[in-house]
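Spelled out, the chains give:
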Amino acid sequence: MWRLLYVATWITFTPVLLTGFLTVNVKNTRLNGMKRYSTVDTSFASVAPEISDKNPLRVVIAGAGVGGLVLANSLSKISHIDVKVLEKTTEFKRFGGPIQLASNALQLLKEMDKSIYDEINEKFTPTGDKMNGIKDGIRTEWYAKFDLKKPALERNMPFTGVIDRSDLQEIYLNALPPGVVSNGDGVTSFKVNPDGNGVKVILNSGNEVDADVLIGADGIWSSVRATMRNEPAKGDGSGAKYSGYTLYAGELAYNSPDNGKVGYKVYIGPGQYFVITDIGNGNYQWYAFLARPPGGNTEKPDGTVPYLKEIFAGWSEECHAILDVTKEHEIGQRDLYDRPPSVIKPWSKGPVALTGDAIHAMMPNLGQGGCQAIEDAYVVTEELSTIKTRDEIATALSTYNSRRLIRSAAVQGLSRFASDIIIIGFDTPAKITFSPEFKVENFNYAGIVTKILQPIMPLFFWVQFNFLYDGYKNENKIDFVAAFSFVVLGGLILLLNVGNLFGVLGLFGLETAETFGIGEGIGSLDAGEGFTETLQQFFSTLSDII
Ligand SMILES: Cc1cc2nc3c(=O)[nH]c(=O)nc-3n(C[C@H](O)[C@H](O)[C@H](O)COP(=O)(O)OP(=O)(O)OC[C@H]3O[C@@H](n4cnc5c(N)ncnc54)[C@H](O)[C@@H]3O)c2cc1C
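Residues numbered from 1 in each chain as written. Predicted model: local features only at pLDDT ≥ 70, side-chain atom pairs only at ≥ 80, totals over all residues.

On a plain count of helices and strands, the protein chain comes out with 17 helices and 21 strands. Relative to its full complement of 546 residues, the protein chain shows a buried share of 45%. Summarising the internal contacts of the protein chain: among those between residues at least 6 apart in sequence, 75% fall at separations of at least 24. (Helix = DSSP H or I, 4+ residues; strand = E, 2+ residues; numbered from the N terminus. Buried ≥ 20, exposed ≤ 12 C-beta atoms within 10 Å, placed from the backbone. Contact = placed C-beta atoms within 7 Å.)

As a further point, take the site of the ligand. Looking at the ligand, there are 31 residues lining it, with G63, G65, G356, G369 and G370 nearest. Contributions of two or more residues to the shell around the ligand are made by α2 (66-76), β2 (81-87), β3 (98-101), α10 (357-360) and α11 (369-385). Top element by residues in the shell around the ligand is α11. It accounts for four residues. For the shell around the ligand, the class distribution of residues is twelve nonpolar, 14 polar and five charged. (Near = placed C-beta within 6 Å. Nonpolar A, V, L, I, M, F, W, Y, C, P; charged D, E, K, R; others polar.)

Turning to the sheet that holds β2, a few remarks are in order. By definition, the strands of a sheet pair up through backbone hydrogen bonds, in either a parallel or an antiparallel sense. What the six strands build is an open sheet, ordered β8-β2-β1-β12-β19-β18; its pairing is mixed. Each end of this open sheet is capped by a strand with a single partner; those strands are β8 (181-183) and β18 (348-349). When strand β12 (residues 213-216) meets strand β19 (residues 352-354), the two strands line up parallel, connected through three bridges. Paired with G216 across the bridge in β19 is L354. (Pairing = 2+ DSSP bridges.)

Here the focus is the nonpolar core. Core analysis: the largest hydrophobic core is formed by 116 residues, its most contacted members being V59, I61, L214, I215 and I374. Considering every element that reaches this core, the biggest residue donor is helix α12 (residues 393-425), with 15 residues. Not counting residues up to four positions away in its chain, the partners in contact with V59 are L75, I81, V83, A211, D212, V213, I215 and L384. (Core = buried A, V, L, I, M, F, W, Y, C linked by C-beta atoms within 7 Å.)

Next up on the list: the sheet that holds strand β11 (residues 208-211). Strand order in the open sheet made by the three strands is β9-β10-β11, with antiparallel pairing throughout. In this open sheet, the two strands that pair with only one neighbour each are β9 (187-192) and β11. When strand polarity is set aside, the average angle formed by the axes of neighbouring strands in this sheet is 25 degrees. In terms of strand pairing, β9 meets strand β10 (residues 199-203) through five bridges, oriented antiparallel. Across the sheet, K191 pairs through a bridge with K200, a residue of β10. (Axes fitted to C-alpha atoms, helices over the stretch in contact; angles between N-to-C directions.)

Along the polypeptide, D391 turns up in the loop between α11 and α12. Classification of D391 as partly exposed rests on a count of 13 C-beta atoms within 10 Å. Sequence spacing of D391 and N197 is 194 residues, and the spatial spacing of their C-alpha atoms is 7.4 Å.

Between α11 and α12, whose axes approach to 9 Å, the crossing angle comes to 160 degrees. Regarding the angle of α11 to α12, the classification is roughly antiparallel. For α11 against α12, the interelement crossing comes out right-handed. Between α11, through Q372, E375, D376, V379, V380, E383 and L384, and α12, the contact on the second element is made entirely by A396, L397, T399, Y400, R403, R404, S408 and V411. Of the residues assigned to the contact of α11 with α12, the class counts are seven nonpolar, three polar and five charged. (Parallel < 35°, antiparallel > 145°, perpendicular 65-115°, else oblique. Left-handed = near helix turned anticlockwise from the far one by under 90°.)

Our focus in this paragraph is the pairing of β2. With five of seven residues buried, β2 lies mostly within the body of the structure. The pairing of β2 with β8 spans three bridges and is parallel. The partner of E87 across the bridge, within β8, is N183.

Burial analysis of α2 places ten of its eleven residues in the buried class, the great majority of the element. All of the buried residues along α2 are V66, G67, G68, L69, V70, L71, A72, N73, S74 and L75.

On to unusual backbone geometry. Residue P436 follows S435 across a cis peptide bond; omega there is 5 degrees. Its identity is not glycine, yet N156 carries a phi of approximately 55 degrees, on the positive side. When you line up the elements, N156 lands in the loop between α5 (149-154) and β7 (161-164). Although it is not a glycine, N442 sits at a positive phi angle of roughly 50 degrees. For N442, the location among the structural elements is in the loop between β21 (439-441) and α13 (445-453).

As a packed pair, helix α4 (residues 114-122) and helix α6 (residues 165-175) sit with axes 10 Å apart at the nearest point and diverge in direction by 150 degrees. Between α4 and α6, the interaxial angle falls into the category roughly antiparallel. Note on packing geometry: the crossing formed by α4 with α6 is right-handed. Residues I116, E119 and I120 of α4 pack against L168, I171 and A175 of α6.

So, about the environment of D357. Structurally, D357 can be placed in helix α10. Residue classification places D357 among the buried positions, given that 27 C-beta atoms sit within 10 Å. Each C-alpha atom of the pair D357 and G216 lies 9.5 Å from the other, and the pair is 141 residues apart in sequence. If we skip the residues at most four places from it in the chain, D357 touches G219, I220, G369 and A373.

A few words now on the confidence of the model for the protein chain. Confidence in the prediction for the protein chain averages 82 pLDDT; 78% of positions are at 70 or higher. A low-confidence stretch, residues 500-532 stays under pLDDT 50, and its non-local contacts, those more than four residues away or across chains, total 56 contacts. For residues 538-546, every residue scores under 50 in pLDDT, and the model assigns this stretch 14 contacts once sequence neighbours within four places are set aside. (pLDDT = per-residue confidence, 0-100.)

You can see S79 is positioned in the loop between α2 and β2. For S79, a count of 9 C-beta atoms within 10 Å corresponds to the exposed category. In this structure, the C-alpha to C-alpha distance between S79 and P56, residues 23 residues apart in sequence, is 7.7 Å.

Put into C-alpha cells, the structure is as follows:
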C-alpha cells in the first residue's frame, strides 16, 4: 500500500517540487558565481583579467569522447580562446560501434559547424525517416510506432540516424588544429587558485597544466568530478549506480527483409526486451536487454548465441533469425550504470565544470547520452565565448549548469523510466480472437495494461519527441509545459503499471508472480525491487532538491 502512496505522491507533488527545485537552483547559481577565495597562492602565475586574442582564455578539457571533442572543436574557432584536450588513452582506436545522433543533437552540430555536419552526413545512416517502433516480442506484430519524421520535418531539423563512433571521432580529430589534443596522460586531479582565478590541472605523470577553465568531459568515472566533490570516482559514494541491467549487443552484416523500410525495432515481452536497428551499409545491431547482476559471467558452455536463444525461447522469429547468423566475436556484453544529475551538488565550482557522462550518465534506451553531451558543449561554448574578463568565468559556468540541469535530468530520468517500465511493466499485450476459434491470450494484469496503453503510447512518444526536439538550445532554465506533460503522461503509465508491478491485480486471480519474476540468475534483483529502486532514486533526487 505504501508503494501506491509513493507513486501517487510523485504524481501529485512533482510540479510543486520542481518549482521548489527551481528556487534552490537559482540560489545555488548565485552562490557559485560568488568569489569564495581570499588568499593568494604564489605558485599560480598572475594573469591579466581581460580576455583578448593576445591574452586568450585558456580552456583545458579532460577527455576526448563525444562531448570533449565537440566542445574542443567549437571553442577552437573562437580567436580569444585557447583550447587543449587531455585524453588518458595512449591512442585513438577504432572501437565502440554505432551511435545514434537524434535530431536535437544533429541540429546543434549543424549550427556549430556546417562543414563538420556535411562530413558527418556522408557517413550517416538516417533512421528517423523510416518506420520505427515497438513490436510485440512474441507475436512479432507492431505494438506502437513512433514518428521521428514529423517532429523533425515540422522544425526543419535533420532526421535522427546513426554513425559509427570511430567515424565521428575521426571527423572531429581531423578538424581540430594540430596540438590541441594530446594522448596518454590523463587528468588525476586539479587545484584551484585560492583567489578563484586559475586552475592547475594535475596529470597522471605528475605534470601540471595551467588553465583558466577546466572542463571535466572524462566520462562516467570522472576524476574531475571526484576532485571537485571530494568523492570516489567509482563505487560507493561516487553517485553512479549499477542499473540492474546488463546488455548483450551484436553487430553484423545482415540481410534483413525490411532493410530500407524500418530503422529501429524494440521487441517487448515479459521481463526483458530485444532491439534490432539498421546501422547502414547492410549492417545491423541488436541488443538483448536483461535484468541480471553485473558481470555477465553466467556459464555459457555453448556460447552466447545459444545462451540468448534459450533466454528468448518462444520470442519472435525475427529475434532468432538475427541471433542465428551472429558469430561469437560479433557479440559484446556491457553492464549499464547511470548517474542522475545532482541538484545540491553543483556541476561547476569556480573555474571547473563537468559535462556529459561525467555529470549525467544515462541509460541507452533513448539514445540520448551522447546527444546530451553535445547539448552541454553547445551551452558551454555560448557561455564562455561571450565573457570579457576572467572574473566572469565562475558565473558563466554556473549559468551553464542552470541552463542544462532540468532538461538533462528529464532525459536522464526518462531513459531510466523507459528501461524499468519496458522490462518490469510491459508484457505481451492481452488479446481476444474470435476466428477461427475463440481464444483469450495473456489475459492477466500485465497483458491487459500493456493492451490499454497501446493507444496511449503514440501520444507519449509525441510528447517525448516534441520535448527532445524543442528546447535543444537550452535557452530557458525550465520548460514547465514539457515537465508537466511528462508528469501527467508518465504518471498515467506508471499508475497503470503499478498494479502490475506489485501484484494489485491478483484481483484477476491469475498467477502474477511468474509474470513479474525476471527469471533465473537474477539473485536479489526482482521486478518489484528494481522498480522500487527507481522510485527511491527519484525520491532521493527530490530530497536532494528540497
Ligand atoms: C550500450 C550503449 C549505447 C549507447 N548508445 C547511444 C546512442 O545511440 N546515442 C547517444 O547519444 N548516446 C548513446 N550512449 C551514451 C553515450 O555513449 C555517452 O553518453 C557518451 O559517450 C558520453 O560522452 P562523454 O564525452 O561525456 O564521455 P565518453 O564518451 O565516455 O568520453 C570520455 C573520454 O574521457 C577519457 N577519460 C576518462 N578518464 C579520463 C581522465 N582522467 N583524463 C583524461 N581523459 C579521460 C576517456 O578515455 C574517453 O575518451 C550509449 C551508451 C551505451 C552504454
